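Here's the letter readout for the chains.
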Amino acid sequence: IQQHQDVHVVMGNEACDLDSTVSALALAYFLAQVRLGHWPRDHQWPRGTPHWVSPPTSQTSPAPKTAFVPVLNIPRVDFALRTETTFLLRDRGIPASSLIFRDEIDLGGLHHAGLLSLTLVDHHVLPGADAALEEAVVEVLDHRPLERDRGPSCQVTVEPVGSCATLVTERILQGPPGVLDRTTAALLHGTILLDCINLSPAAGKVTPRDVACVSLLEERFPELPARDAVFGALQAAKFDVTGLTTEQMLRKDLKVLSSDEVMVGISGIFEDLEIFLHRPGLLQDLEAFCQSRGYVGLVAMTVSFNDRHEPTRKLAVYSRQEPLRATLCRALEEATTPSLLLQPLPSPWACVAAYAQGNAVATRKKVLPILRAAL
């Protein structure tokens, strides 16, 4: 701000999972490389390429002063809970000290000074607390259904692929061949494999575009590790909750839904639901977690996979407010787009409703719109 330097931030969603993190890192690096002039002068950019991606047309133009900054949308203190992300970045020699977290950059101050441009990856709707930043959004890359339209000044790429990293890979592959390096390729490769459950059709997430991107990355960098080894290591890291408190488990993969009146947390839990519900002191931990964050309720969604990569999903709805709990449960039970095929499970607590989810391919990104509509 003091130097009046324009800043173009690339930022993922507030769950800050591996897909959001790698999509932000890879796209920001690509944008920076291109704007610094690391491209052949005769490279033909695809029609519709945003003006901040393609380089200046003048052969003598100095590199623009815009700084491209990937921002991880969590406080730094929460990064250790993203175990699959810390594993992959460490494996690829990227130190945590080189990363920038949400609590380390003043996006509001940059925007107020007229210096901020914002690209959203792996989401396209900012939470209510960030509503003032909406007018700074110039581009969106996401793979969930579009929930709101944006003005003509915002470039929108929303495609139903298994991983947002696939869309980032496609964007980078449209650019000059020398911009994609081995480290970036390995990050994208691992992320798509984890997000798409090792490209297994049984998991219901992978699309032909995800498969094509993994194949293209392997073709360009044949030294990339084998798919099974990459997926196995990342999946093991993701599901490692050894030593985590209940509060840390709830924060590990957290998204928030809000209306004008209420906020509800949606936590991905990497443990069987029955085991989770019988954790010592669970009810007090749920109450303390919600009170400390101003949530009136919390939905916990669990997933596990068998040897054939077929998912098993369960969910629990917690709220001390019975009308809200009933509203959320009814919305989930009666949902038709998609139908979740819920079956009630025993719960040790009256304020917690538990379900087995018969439609195991309905991921959290498909459940979130159901809950958002109910609020």
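Residues numbered from 1 in each chain as written. Predicted model: local features only at pLDDT ≥ 70, side-chain atom pairs only at ≥ 80, totals over all residues. Heavy atoms only, no water.

Draft legend 1. Up close: the side chain of His123. Looking at where His123 falls in the secondary structure, it is placed in the loop between β3 (116-121) and β4 (137-142). We classify His123 as buried; its relative accessible area is 5%. Discounting residues that sit within four places of it in the chain, His123 has contacts with Met11, Gly12, Asn13, Val140, Leu141, Asp142 and Arg144. (Helix = DSSP H or I, 4+ residues; strand = E, 2+ residues; numbered from the N terminus. Buried < 20%, exposed > 50% of the residue type's maximum accessible area, 1.4 Å probe, protein only. Contact = heavy atoms within 4.5 Å.)

Draft legend 2. Here's a closer look at the packing of helix α11 (residues 322-334) against helix α12 (residues 364-374). Relative to each other, α11 and α12 sit at 135°, their axes nearing to 9 Å. Of the possible angle classes, the one that applies to α11 and α12 is oblique. Remark: the crossing between α11 and α12 carries right-handed chirality. On α12, the residues that touch Thr327, Leu328, Ala331 and Leu332 of α11 are Val367, Ile370, Leu371 and Ala374. Residues that form the contact of α11 with α12 fall into these classes: seven nonpolar, one polar and no charged. (Axes fitted to C-alpha atoms, helices over the stretch in contact; angles between N-to-C directions. Parallel < 35°, antiparallel > 145°, perpendicular 65-115°, else oblique. Left-handed = near helix turned anticlockwise from the far one by under 90°. Nonpolar A, V, L, I, M, F, W, Y, C, P; charged D, E, K, R; others polar.)

Draft legend 3. Structural context of helix α4 (residues 164-174). Of all 11 residues that make up α4, eight are buried, and the element is covered over most of its length. All buried positions along α4 are accounted for by Cys164, Ala165, Thr166, Leu167, Val168, Thr169, Arg171 and Ile172. Contacts made by the buried residues of α4 are with α1 (18-35), β3, β4, β5 (155-158), α5 (182-195) and α6 (208-220). With a side-chain oxygen positioned 3.2 Å from the backbone nitrogen of Ala165, the residue opening α4 is Ser163. (Polar contact = N/O pair within 3.5 Å; in protein donor to acceptor, adjacent residues only side chain to side chain.)

Draft legend 4. Quick look at the UniProt feature "domain: DHHA2" (unreviewed entry) in the chain. Sites flagged by UniProt as "domain: DHHA2" (unreviewed entry) map to residues 231-375. Secondary structure content for residues 231-375 is 39% helix and 27% strand, and the end C-alpha separation is 36 Å. (UniProt positions renumbered as here; feature names shortened; annotations may be inferred.)

Draft legend 5. Examining the pairing of β3 more closely. Judged by how many residues are buried, β3 sits mostly within the fold: five of six residues are covered. In this structure, strand β1 (residues 7-11) lies alongside β3, joined through five bridges in parallel fashion. Pairing of Val10 across the sheet is with Thr119, part of β3. Summarising the sheet, β3 and β4 pair through four bridges and their orientation is parallel. Bridge pairing links Thr119 to Glu139 in β4. (Pairing = 2+ DSSP bridges.)

Draft legend 6. Representation of the domain arrangement of the chain in the model. For the chain, the assigned domains read domain 1 (6-238) and domain 2 (243-374). Taking only C-alpha atoms into account, the centre of domain 1 sits 28 Å from that of domain 2. Contact between domain 1 and domain 2 buries roughly 1,800 Å² in total, counting both sides, with carbon and sulfur atoms accounting for 52%. It is Leu81, Glu147 and Lys238 that lose the most area in domain 1 upon contact with domain 2, and together they represent 26% of the buried surface on that side. (Domains from an automatic or database assignment. Buried area = accessible area lost by both parts, 1.4 Å probe.)

Draft legend 7. Fine view of the confidence of the model for the chain. In this model, the chain carries a mean pLDDT of 91, and residues with pLDDT of at least 70 account for 93%. For residues 56-63, every residue scores under 50 in pLDDT, and the model assigns this stretch nine contacts once sequence neighbours within four places are set aside. (pLDDT = per-residue confidence, 0-100.)

Draft legend 8. How the structure looks around the sheet that holds strand β9 (residues 311-318). Ordered in space as β6-β7-β8-β9-β11-β10, the six strands form an open sheet in which the pairing is mixed. The open sheet is flanked by β6 (254-258) and β10 (342-345), the only strands paired with a single partner. For this sheet, the mean inter-axis angle between neighbouring strands, taken without regard to orientation, is 25°. Alignment of β6 against strand β7 (residues 263-269), held across five bridges, turns out to be antiparallel. Of the residues in β7, the one forming a bridge with Ser258 is Met263.

Draft legend 9. Structural view of the nonpolar core. Ranked by size, the top nonpolar core spans 50 residues in total, and within it Leu27 and Leu188 carry the most contacts. Looking at this core, the elements that each hand over two or more residues are α1, α2 (83-91), α4, α5, α6 and α7 (227-238). No other element matches the 11 residues that α1 contributes to this core. In this structure Leu27 touches Val10, Thr119, Val121, Leu141, Val168 and Arg171, once residues within four positions along its chain are discounted. Counting residues in each nonpolar core, the second largest holds 24 residues, with Leu250, Leu254, Leu283 and Phe289 among its members. (Core = buried A, V, L, I, M, F, W, Y, C linked by side-chain atoms within 4.5 Å.)

Draft legend 10. Here's a closer look at the packing of aromatic side chains. Counted under the stated rule, the structure contains four aromatic pairs. For the ring pair Phe239 and Phe270, a centre distance of 5.1 Å and an interplane angle of 80° mean the geometry is edge-to-face. One end of the pair, Phe239, is in the loop between α7 and α8 (246-252); the other, Phe270, is in the loop between β7 and α9 (273-277), with 31 residues separating them in the sequence. Using a relative accessible area of 23% as the deciding quantity, one classes Phe239 as partly exposed. Judged by relative accessible area, which is 9%, Phe270 ranks as buried. With 6.0 Å between their ring centres and 70° between their planes, Phe289 and Tyr295 make a pair best called edge-to-face. (Phe/Tyr/Trp six-rings, centres within 6.5 Å; stacked < 30°, edge-to-face > 60°.)

Draft legend 11. Representation of the pairing of β9. Most of β9 is tucked away, with seven of its eight residues classed as buried. Pairing of strand β8 (residues 297-305) with β9, which is carried by eight bridges, proceeds in the antiparallel orientation. Residue Phe305 lies in a different strand from β9, and its bridge partner there is Pro311. One ladder, built from six bridges, connects β9 with strand β11 (residues 352-357); its direction is antiparallel. Across the sheet, Lys314 pairs through a bridge with Ala356, a residue of β11.

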